[in-house]
Amino acid sequence: MAKVTQEMVKNAGVNIDELVELLIKNAAAELTTFYYYTILRVNLIGLEGEGIKEIAETARIEDRNHFEALVPRIYELGGKLPDDMKVFHDASACPPANLPKDPTDIKAMLTVLVKAERCAVRGYTHVCNLTAGKDHRTYDLCLAILNEEIEHESWFSEFLGEGPSGHFLRRGETSPFVSKFLR
Amino acid sequence: MDERRFTQSELGQFNGKNGARIYIAYQGSVYDVSGSFLWQNGEHQVTHFAGKDLTDELLEAPHGVEMLCRFPMVGRLKEGD
């Protein structure tokens, strides 16, 4: 048990129970998004859909990585994942990224994707705000995840024609920010 | 139809507990967020609770107040309450 870790976080003024609950909710959001993005990705077909498939796949894999990176921190802080997968799903910090009624409507598909990423950006900003200068490890982890969620948002936003993302899709390995937590 | 007026105490009953609807207030207006996935059980992101005036908390939220436009306004807070 990471006794001193928890003590340091509590002594810094962080409500550790609230923080653990938030991390569990965000971990649930990541794993459920990984699942829902799987369905979105397989339905991204045709000339327009295929063009988005690669970034949808990158976002999907990185969301799974975020789940993997969050879990150890939840346990370090004295929390645990719910025993029941359905409870875990329903506790998600973000709504389900459901397949639109018409999966050939690429704008609808992109809207689902960008909404999911925006929810994640807000969620990790919230955790970073709560932990900044207090819980350095959780902050570092959530900042790394936030960096990737911001990139995901900008990719999908760019496809929606909201403006340029300012960067290109991943070259090489996924999770350039979070990978240090996965080793 | 007359606009419903809520005291703080009346608003507090709409806290999402035991099947109660989920209302929050912002700058005097009361909104019904019962339909939001993110307000299940009257709680939002662990740190915010329904049945309250969230004006100050919303100013610090990582989203704008335009989020409230998605939900029906169901009344106003009584002034001076």
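Cut-offs used in this document
- Residues numbered from 1 in each chain as written.
- Chains lettered and ligands numbered in written order.
- Predicted model: local features only at pLDDT ≥ 70, side-chain atom pairs only at ≥ 80, totals over all residues.
- Helix = DSSP H or I, 4+ residues; strand = E, 2+ residues; numbered from the N terminus.
- Rg over C-alpha atoms; globule rule 2.2 N^0.38 Å.
- Buried ≥ 20, exposed ≤ 12 C-beta atoms within 10 Å, placed from the backbone.
- Contact = placed C-beta atoms within 7 Å.
- Axes fitted to C-alpha atoms, helices over the stretch in contact; angles between N-to-C directions.
- Parallel < 35°, antiparallel > 145°, perpendicular 65-115°, else oblique.
- Left-handed = near helix turned anticlockwise from the far one by under 90°.
- Nonpolar A, V, L, I, M, F, W, Y, C, P; charged D, E, K, R; others polar.
- Pairing = 2+ DSSP bridges.
- Core = buried A, V, L, I, M, F, W, Y, C linked by C-beta atoms within 7 Å.
- pLDDT = per-residue confidence, 0-100.
- Expected span 1.5 Å × (residues − 1).
- Bend = angle between axes of the 7 residues up to and from the residue.

**Student:** Describe the overall build of chain A, with residues and values.
**Tutor:** Scanning chain A from N- to C-terminus turns up six helices and zero strands. The linear arrangement of helices and strands in chain A, starting from the amino end, is α-α-α-α-α-α. On C-alpha atoms alone, chain A measures out to a radius of gyration of 17 Å, which is about the 16 Å that the 2.2 N^0.38 rule sets for 183 residues. With the C-alpha coordinates aligned to their principal axes, the bounding extent of chain A is approximately 55 × 35 × 25 Å. Within chain A, the fraction of its 183 residues that count as buried is 39%. Restricting to contacts in chain A with at least 6 residues of sequence separation, those with at least 24 account for 73%.

**Student:** Please give an account of the overall build of chain B that cites residues and values.
**Tutor:** Secondary structure summary: chain B contains two helices and six strands in total. Put simply, chain B runs from its N terminus to its C terminus through helices and strands in the order β-α-β-β-β-β-α-β. Taken over the C-alpha trace, chain B has a radius of gyration of 12 Å; the compact-globule value for 81 residues is 12 Å, and the two agree within 12%. With the C-alpha coordinates aligned to their principal axes, the bounding extent of chain B is approximately 30 × 30 × 20 Å. Taking the contacts inside chain B whose residues are at least 6 apart along the sequence as the reference set, 68% of them involve residues at least 24 apart.

**Student:** Go over the packing of helix α3 (residues 46-76) of chain A against helix α5 (residues 106-131) of chain A with me, naming the residues and quoting the values.
**Tutor:** All names here are of chain A. In contact at an axis separation of 11 Å, α3 and α5 are set at 15 degrees when each is read in the N-to-C sense. Overall, the two elements α3 and α5 adopt an arrangement that is roughly parallel. The element α3 and its partner α5 pack so that their crossing is left-handed. Between α3 and α5, the contacting residues are Glu 48, Gly 49, Ile 52 and Ala 56 on the first element and Ile 106, Leu 110 and Leu 113 on the second. Classifying every residue of the contact of α3 with α5 gives five nonpolar, one polar and one charged.

**Student:** Which residues make up the sheet that holds strand β3 (residues 29-32) of chain B, and what values go with them?
**Tutor:** Within a sheet, each strand pairs with its neighbour through backbone hydrogen bonds, oriented either parallel or antiparallel. Pairing within the open sheet is mixed, and its four strands lie in the order β1-β6-β3-β2 (chain B). Each of the sheet's edge strands pairs with one partner strand only, and the pair in question is β1 (5-6) and β2 (23-26) of chain B.

**Student:** Help me get a handle on the interface of chain B and chain A, residues and values and all.
**Tutor:** Counting residues at the interface gives seven residues for chain B and ten residues for chain A. Its residues assigned to classes, the side of chain B that touches chain A comprises four nonpolar, three polar and no charged.

**Student:** If you had to explain the nonpolar core to someone new, which residues and values would you point to?
**Tutor:** Counting 48 residues, the largest nonpolar core has Leu 23, Ala 27, Leu 40, Leu 113 and Ile 145 of chain A as the members making the most contacts within it. Those elements that place two or more of their residues in this core are α2 (16-43), α3, α5 and α6 (136-159) of chain A. The element that contributes the greatest number of residues to this core is α2 of chain A, accounting for twelve residues. If we skip the residues at most four places from it in the chain, Ala 27 of chain A touches Phe 67, Leu 70, Val 71 and Ile 74 of chain A. In terms of nonpolar packing, the next biggest core, distinct from the first, is built from 14 residues, Val 30, Val 33, Trp 39 and Leu 54 of chain B among them.

**Student:** Tell me about the confidence of the model for chain A, and name the residues and values.
**Tutor:** Mean pLDDT over chain A works out to 96, with 100% of the residues at or above the 70 mark. The spread of mean pLDDT over the elements of chain A runs between helix α1 (residues 3-11) of chain A, the lowest at 95, and α2 of chain A, the highest at 98.

**Student:** Could you give me a rundown of α3 of chain A, with the residues and numbers involved?
**Tutor:** In an α-helix, one turn spans 3.6 residues, which is why side chains three or four residues apart end up on the same side. Its 31 residues place the ends of α3 of chain A 45 Å apart at the C-alpha level, agreeing with the 45 Å of an ideal helix rising 1.5 Å per residue. Along α3 of chain A, the sharpest change in direction is near 35 degrees and occurs at Lys 53 of chain A.

**Student:** Could you give me a rundown of unusual backbone geometry, with the residues and numbers involved?
**Tutor:** Residues and elements named next belong to chain B. Despite not being glycine, Asn 18 shows a phi value in the positive range, around 50 degrees. Turning to its location among the elements, Asn 18 is positioned in the loop between α1 (8-12) and β2. Looking at Asn 18, the number of C-beta atoms within 10 Å reads 6, which means it is exposed. For Gln 27, which is not glycine, the phi dihedral falls at a positive 45 degrees. Looking at the secondary structure, you find Gln 27 in the loop between β2 and β3.

**Student:** Tell me about the confidence of the model for chain B, residues and numbers included.
**Tutor:** Residues and elements named next belong to chain B. Across chain B, the average pLDDT comes to 93, with 96% of residues at 70 or higher. Mean pLDDT in chain B bottoms out at helix α2 (residues 55-59), which sits at 92, and peaks at β3, which reaches 97. Interface predicted TM-score (ipTM) for the complex: 0.76; the corresponding pTM is 0.90.

**Student:** An account of α5 of chain A is requested, with residue identities and associated values reported.
**Tutor:** With 26 residues, α5 of chain A extends 38 Å between its outermost C-alpha atoms, agreeing within 8% with the 38 Å of an ideal straight helix rising 1.5 Å per residue. Positioned one or two residues after α5 of chain A, Gly 133 of chain A has a phi angle of 75 degrees, which is positive.

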